[in-house]
Amino acid sequence: MTNEAGERIRCSALTRAGTQCKNFSLEGSEFCRVHQPSDDGDEVLDAEALETPQDAAGAVEDSVDETAEQDLRRQLLAELDRLIERVQALTPGYTPPPFSPRRLMKLIAENVENMTPEISLGILEKLRSTIGEDIFDVDTWKGIWYMLNYTLEYQGDILRRRITGEYETDEWGLDMEIVDAIKPFFDFMYNKYWRVEATGLENIPEEGRALLVANHSGQLPWDGTMLGTAVYNEHPNQRLVRTLYADWFPTVPFISSLLTKTGQALASEDNGTRLLEQEQLVAVFPEGIKGVGKLYKDRYKLARFGRGGFVRMALKAGAPILPVSIVGAEETYISLAKSPFIANLLGLPFFPISLTWPWLGPLGFVPLPTKWYIDIGEPIPMDSYSPDEASNVVLTTQLSDQVRNIIQDMIFLRLAQRKSVLFG
């Protein structure tokens, strides 16, 4: 949906924490696809809540009797009818191609070709049995035809806007469509691959400024990505974390562009202060390159915390500091040594020699599936200090050491509780 100036409008709904939703509204509606109300006033169901583990699917289906299955079919039809009516109300001018069974089958065939043979065969067999059981009437099949065509046209419209530049970003380059596009991959890494467990999310304010200060490790900045995913997925307000990244990332075009489009910013005291003053949630890794490039023998031993820049940011903005410990990232890449010669040759701050890299080539970049823990400590308030005290070297040094010691203690506590690197 756009305003009179042709600009896309944000969803007018509030999140569960009571703040404004960051998604764009659908065409012809003031709500996004998440908050779009159903005709009967029910909330839209969470798709993840409807998923059934594949290994249990057979047992579930076998246990459902015929009556329950008929009820499920009726619910499915009712939900499909409501969805069709809602889309038709949002796009009154949209008319799909004329319906015919041949066209419908062709459209389905074109899309299942992109799937694995096993999945596509399962879909087609289920579709055939559905038709044979006479579950859907002709009007319902026409509705499915409508929804398939609308979905394809909607995706094509997104692609067209990406190519022509007809999309919005904030002053930092944040593009929420890019965030939505890459989120499933990060969700997989968070939930399935590293099985991250996050605690202390209640210490993050529902709104307003705060500075997350975490330990850094792992050769590649996966820790910052997983911290942002934890807050975005599990905080009641789905807050977006603005991570300050090292100044050598702009030399890597793809990564630099992706960081910008997901709302991250170059690490500088000015950028961090501005973001905090804009009531953002900012994350910093004061160990910097020294932390991410640590050898395996130095794992979980915090390096020096720079020169206290993060403390000065917090003091200037009056933002609370939240210490964060991340355990599990240190073992994703087993770095045994560094090669200064190759690092200088490639213009990198360091070049690790690990058990897998460079011996396995590109496969060496695949991280190990370790078990991760992200613990967020209680906030350290800064509102009792004056912004002018940001220039007090003694104070900033003391606060920096205090935060560092808290994070180190949190790491040791988590390591004492951990029984296995891979299984936690």
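Counting starts from 1 at the beginning of each chain's written sequence and moves along it residue by residue. In keeping with the model being predicted, local features are shown solely for residues with a pLDDT of at least 70 and side-chain atom pairs are shown and tallied solely at 80 or more, while totals for entire chains, interfaces and linings include all residues. Processing note: side-chain calculations cover all non-hydrogen atoms of the structure and skip hydrogens and water entirely.

Caption draft 1: Representation of the pairing of strand β9 (residues 373-376). Burial of the side chains of β9 extends over both faces: Tyr373 and Asp375 are buried on one face and Ile374 and Ile376 on the other. As judged from the three bridges shared by strand β1 (residues 197-199) and β9, these two strands associate in the parallel manner. Following the sheet pairing, Ala198 is matched in β9 by Ile374. Whether two strands pair depends on DSSP finding at least two bridges between them. A run of DSSP states H or I qualifies as a helix once it reaches four residues; a run of E qualifies as a strand once it reaches two. Both are numbered from the N-terminal end. Pairing of strand β6 (residues 321-327) with β9 involves four bridges; the strand directions are antiparallel. Bridged to Val327 within β9 is Tyr373. For each residue, the accessible area found with a 1.4 Å probe, counting protein chains only, is set against the maximum for its type, and the residue is called buried under 20%, exposed over 50%, and partly exposed in between.

Caption draft 2: Structural context of helix α9 (residues 269-277). Turning to α9, its buried residues are Asn271, Gly272, Thr273, Leu275 and Leu276. Note on definitions: a residue-residue contact is assigned when non-hydrogen atoms from the two residues lie within 4.5 Å. Of the surrounding secondary structure, the elements contacted by the buried residues of α9 are β2 (210-214), β3 (241-245), β4 (265-266), β5 (281-284) and α11 (309-317). One or two steps after α9, the chain reaches Glu279, where phi turns positive at roughly 65°.

Caption draft 3: A look at unusual backbone geometry. Its identity as a non-glycine residue notwithstanding, Gln238 has a phi of 45°, on the positive side. Mapped onto the elements of the fold, Gln238 is located in the loop between α7 (222-234) and β3. Residue Glu279 is not a glycine yet carries a positive backbone phi of 65°. Relative to the assigned elements, Glu279 resides in the loop between α9 and β5. Among the residues examined, Glu279 registers a relative accessible area of 36% and is labelled partly exposed.

Caption draft 4: Highlighting the pattern of salt bridges. Only one rule defines a salt bridge in this text: a Lys or Arg side-chain nitrogen within 4 Å of an Asp or Glu carboxyl oxygen. A complete count under the given rule lists nine salt bridges for this structure. Among the ionic pairs, Glu171 bridges to Arg274, the shortest N-O distance being 2.7 Å. Here Arg274 lies in helix α9 and Glu171 lies in the loop between α5 (138-164) and α6 (176-193), a separation of 103 residues in the sequence. The class for Glu171 is exposed, based on a relative accessible area of 57%. Its relative accessible area of 38% is what places Arg274 among the partly exposed residues.

Caption draft 5: Highlighting the confidence of the model for the protein. When the pLDDT values of the protein are averaged, the result is 76; 55% of them are 70 or greater. The predictor's confidence in any single residue is recorded as pLDDT, a number from 0 to 100. Predicted confidence for residues 39-57 stays below pLDDT 50, and this span has 12 contacts to residues more than four positions away or in other chains.

Caption draft 6: The packing of aromatic side chains, seen in detail. Here a Phe, Tyr or Trp ring, Trp counted by its six-membered ring, pairs with any other such ring whose centre lies within 6.5 Å, and the pair is stacked when the planes are under 30 degrees apart, edge-to-face when over 60, and tilted otherwise. Evaluation of the coordinates by the stated rule reveals seven aromatic pairs. Taking the centre distance of 6.4 Å and the plane angle of 45° together, the rings of Phe188 and Tyr193 count as tilted. Geometrically, the ring pair formed by Trp194 and Trp372 is stacked, given 4.6 Å between the ring centres and 25° between the ring planes. You can see Trp194 sitting in the loop between α6 and β1 and its partner Trp372 sitting in the loop between β8 (352-354) and β9, a full 178 residues away along the chain. The exposure classification of Trp194 matches that of Trp372, with both residues buried. Cluster of aromatic residues (ring-pair linked, three or more members): Phe185, Phe186, Phe188, Tyr193, Trp194, Trp222 and Trp372.

Caption draft 7: How the structure looks around the sheet that holds β1. Taken in spatial order, the seven strands of this open sheet run β1-β9-β6-β2-β5-β3-β4, and their pairing is mixed. Strand pairing shows two members of the sheet lacking a second neighbour, β1 and β4, which therefore form its edges. Pairing between β2 and β6: four bridges, direction parallel. Its bridge partner being in β6, Ala214 is matched across the sheet by Val324. For helices, the fitted line uses only the C-alpha atoms of the stretch in contact; every axis is such a line through C-alpha atoms, and the angle between N-to-C directions lies from 0 to 180 degrees. Helix-sheet contacts for helix α13 (residues 393-417) involve β1, β2, β6 and β9, and the interaxial angle to β6 is about 35°.

Caption draft 8: Structural detail: a nonpolar patch on the surface. Patches here: salt-bridge-free residues with over 30% relative accessible area, like charges joined within 9 Å, nonpolar side chains (Val, Leu, Ile, Met, Phe, Trp, Tyr) joined within 5 Å. With residues, only the protein chains shown are counted as cover, and all accessible areas are computed by Shrake-Rupley using a 1.4 Å probe. A contiguous nonpolar surface patch, about 290 Å² in accessible area, is contributed by Val421, Leu422 and Phe423. With respect to the secondary-structure elements, Leu422 resides in the segment after α13.

Caption draft 9: Expanded view of the environment of Ser400. Position of Ser400 among the secondary structure elements: in helix α13. By relative accessible area, which is 5% here, Ser400 ends up buried. Considered as a pair, Ser400 and Pro286 are 114 residues apart in the sequence and their alpha carbons are 9.3 Å apart. With residues up to four places along the chain from it excluded, the contact list for Ser400 reads Phe305, Gly308, Phe310 and Val311.

Caption draft 10: α7, seen in detail. Given a helix with a known number of residues, its expected span is that number minus one, times 1.5 Å. With 13 residues, α7 extends 18 Å between its outermost C-alpha atoms, agreeing within 8% with the 18 Å of an ideal straight helix rising 1.5 Å per residue. Burial of α7 is extensive: 10 of the 13 residues sit out of reach of the surface. Looking only at α7, the buried set comprises Trp222, Asp223, Gly224, Met226, Leu227, Gly228, Thr229, Ala230, Val231 and Tyr232.

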